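Observations on the three-dimensional arrangement
Chain residues, written in single-letter form:
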Amino acid sequence: MAWHKKIILLIAVTLLIPIYTEAKVYLVSVGITDYPGTNMDLTLPAKDAQTITWIYSKNVKMQYCQLLNKEATKDKIIAAMNKVYSMAGPNDIIVFFYSGHGYPGGFCAYDGDLNYKAIRSSMSKSKCKNKMIFADACFSGKIRTNSSSSQSELSDAKKANVMLFLSSRSDETSIERRDMDNGFFTTYLQKGLRGGADTNKDRIITAKELFNYVHTNVVKISNGKQHPVMWGKFSDNMPVMSWK
């Protein structure tokens, strides 16, 4: 075969081979154990945020900002999201992790309420297709059904390309035990992200794989008192972590 025909054949074969591009991860991790005063203090949220940051830091393709306790003000959280997520490309992964107190429609930052609308607005500025929120907070299931939201806001939320993975139903607390390093939800979230949820062993953990793993184990360890929920507009096969 003439050399030029070999080159043409090689190019043709190369074009038929799919090229895998590793998705980069852009994470904002928030944990609040020590709220102003003492009445609202918790035990494990700061550790939860540190654990999730550590898991994602093992993925060499990542950028992150971690905010703990008094650093986690409303303005600092939104500023961190705007800065970190602006670096993400269309096929990357952006993650917002929160552990602390929750309320119907959002989370309790160190200095006040941080509603879901503000979080989603910040995420919407990114061109990234893979967007997710992990929340280990009591009654976090109510974030999707805030009764004070207008119908248009709820409609926009349903159309948003954001996966919400919430630690408990709207009428449930998110359980933590002092003899554990993390709350029930974060314990199995981190185990799932580390590979426990990778049922087909392809080193890519999808939304469906993660939900099945975390939900099953949290329901079991809580004796049916806590049920994580997943909600939003996304594909079951959306990657939440890639170890390739």
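In this report, we go over the structure that sits alongside the text. This structure is a prediction, so every number in the text was calculated from the model and none was measured. (Residues numbered from 1 in each chain as written. Predicted model: local features only at pLDDT ≥ 70, side-chain atom pairs only at ≥ 80, totals over all residues. Heavy atoms only, no water.)

Some words on the packing of aromatic side chains
Which entries qualify depends on this criterion: Pairing of aromatic side chains here covers Phe, Tyr and the six-membered ring of Trp, requires ring centres within 6.5 Å, and sorts the geometry by plane angle: under 30 degrees stacked, over 60 edge-to-face, intermediate tilted. When a residue's accessible area, from a 1.4 Å probe over protein chains only, is under 20% of the maximum for its type it is buried; when over 50% it is exposed; and in between it is partly exposed.
For the structure shown, the criterion picks out 6 aromatic pairs. On the numbers, 4.4 Å between centres and 20° between planes, the contact of Y98 with F107 is stacked. Judged by relative accessible area, Y98 falls into the buried class, the value being 1%. Given the relative accessible area of 1%, F107 is considered buried. Three or more aromatic residues joined by ring pairs form one cluster here, namely F134, F165, F185 and F211.

Some points on the packing of helix α3 (residues 74-85) against helix α4 (residues 116-124)
Heads up, the condition is: Every axis corresponds to a line fitted to the C-alpha atoms, with the helix fit spanning only the stretch in contact, and the corresponding angles, defined between N-to-C directions, vary from 0 to 180 degrees. Put simply, DSSP marks the helices as runs of H or I at least four residues long and the strands as runs of E at least two long, and each gets a number from the N terminus on. Any angle that is under 35 degrees is reported as roughly parallel, and any over 145 degrees as roughly antiparallel; angles of 65 to 115 degrees are reported as roughly perpendicular and all others as oblique. Rotating anticlockwise by less than a right angle from the far helix to the near helix defines a left-handed crossing, while the corresponding clockwise rotation defines a right-handed one. Contact definition: two residues touch when any of their heavy atoms are within 4.5 Å. Each residue gets one of three labels, nonpolar for Ala, Val, Leu, Ile, Met, Phe, Trp, Tyr, Cys and Pro, charged for Asp, Glu, Lys and Arg, and polar for the others, Gly among them.
Where α3 contacts α4, the axes come no closer than 9 Å and their chain directions differ by 20°. Between α3 and α4, the crossing angle belongs to the class labelled roughly parallel. Judged by the sense of rotation from one axis to the other, the crossing of α3 with α4 is right-handed. Between α3 and α4, the residues in contact are I78, M81, N82 and Y85 and A118, I119, S122 and M123, respectively. Residue composition of the contact of α3 with α4, by class: 6 nonpolar, 2 polar and no charged.

Examining the sheet that holds strand β2 (residues 62-68)
In plain terms, the rule: Any two strands with at least two DSSP-identified bridges between them are counted as paired.
With respect to topology, 6 strands assemble into an open sheet ordered β2-β1-β3-β7-β8-β10, the strand pairing being mixed. The sheet is open, and its two borders are formed by β2 and β10 (229-232), each paired with just one other strand. Strand-to-strand twist of the sheet, defined as the mean angle between neighbouring strand axes without regard to direction, takes the value 15°. Sheet analysis places strand β7 (residues 130-136) next to strand β8 (residues 163-166), joined by 4 bridges and oriented parallel. Bridged to M132 within β8 is M163. Where helix α6 (residues 184-196) meets the sheet, its contacts fall on β3 (93-99), β7 and β8, and the angle it forms with β7 comes to roughly 140°.

Description of the sheet that holds strand β6 (residues 112-115)
As a general point, the strands of a sheet are linked pairwise by backbone hydrogen bonds and lie either parallel or antiparallel. In spatial order, the strands read β4-β5-β6; together these 3 strands make up an open sheet with antiparallel pairing. This sheet does not close on itself; its edge strands, each paired only once, are β4 (102-103) and β6. Sheet strands in contact with α3 are β5 (106-109) and β6, and its direction is about 30° off that of β6. The strands that α4 touches are β5 and β6; relative to β6, the one it contacts most, it runs at about 50°.

As for the packing of α6 against helix α7 (residues 207-221)
Relative to each other, α6 and α7 sit at 145°, their axes nearing to 9 Å. Between α6 and α7 the crossing geometry is right-handed. Facing α6, whose interface residues are F184, F185, Y188, L189, K191, G192, L193 and G196, α7 presents L210, Y213, V214, N217, V218 and I221. A breakdown of the residues in the contact of α6 with α7 according to their chemical character gives 10 nonpolar, 3 polar and 1 charged.

What about the environment of R177?
Positionally, R177 belongs in the loop between β8 and α6. Each C-alpha atom of the pair R177 and T43 lies 8.5 Å from the other, and the pair is 134 residues apart in sequence.

What about the pairing of β7?
For β7, the tally of buried residues reaches 7 of 7 residues, placing the bulk of the element in the interior. Burial along β7 is two-sided: N130, M132, F134 and D136 facing one way and K131, I133 and A135 facing the other are all buried. Bridge analysis of β3 against β7 gives 7 bridges, and the strand direction is parallel. Paired with V95 across the two strands is M132, which belongs to β7.

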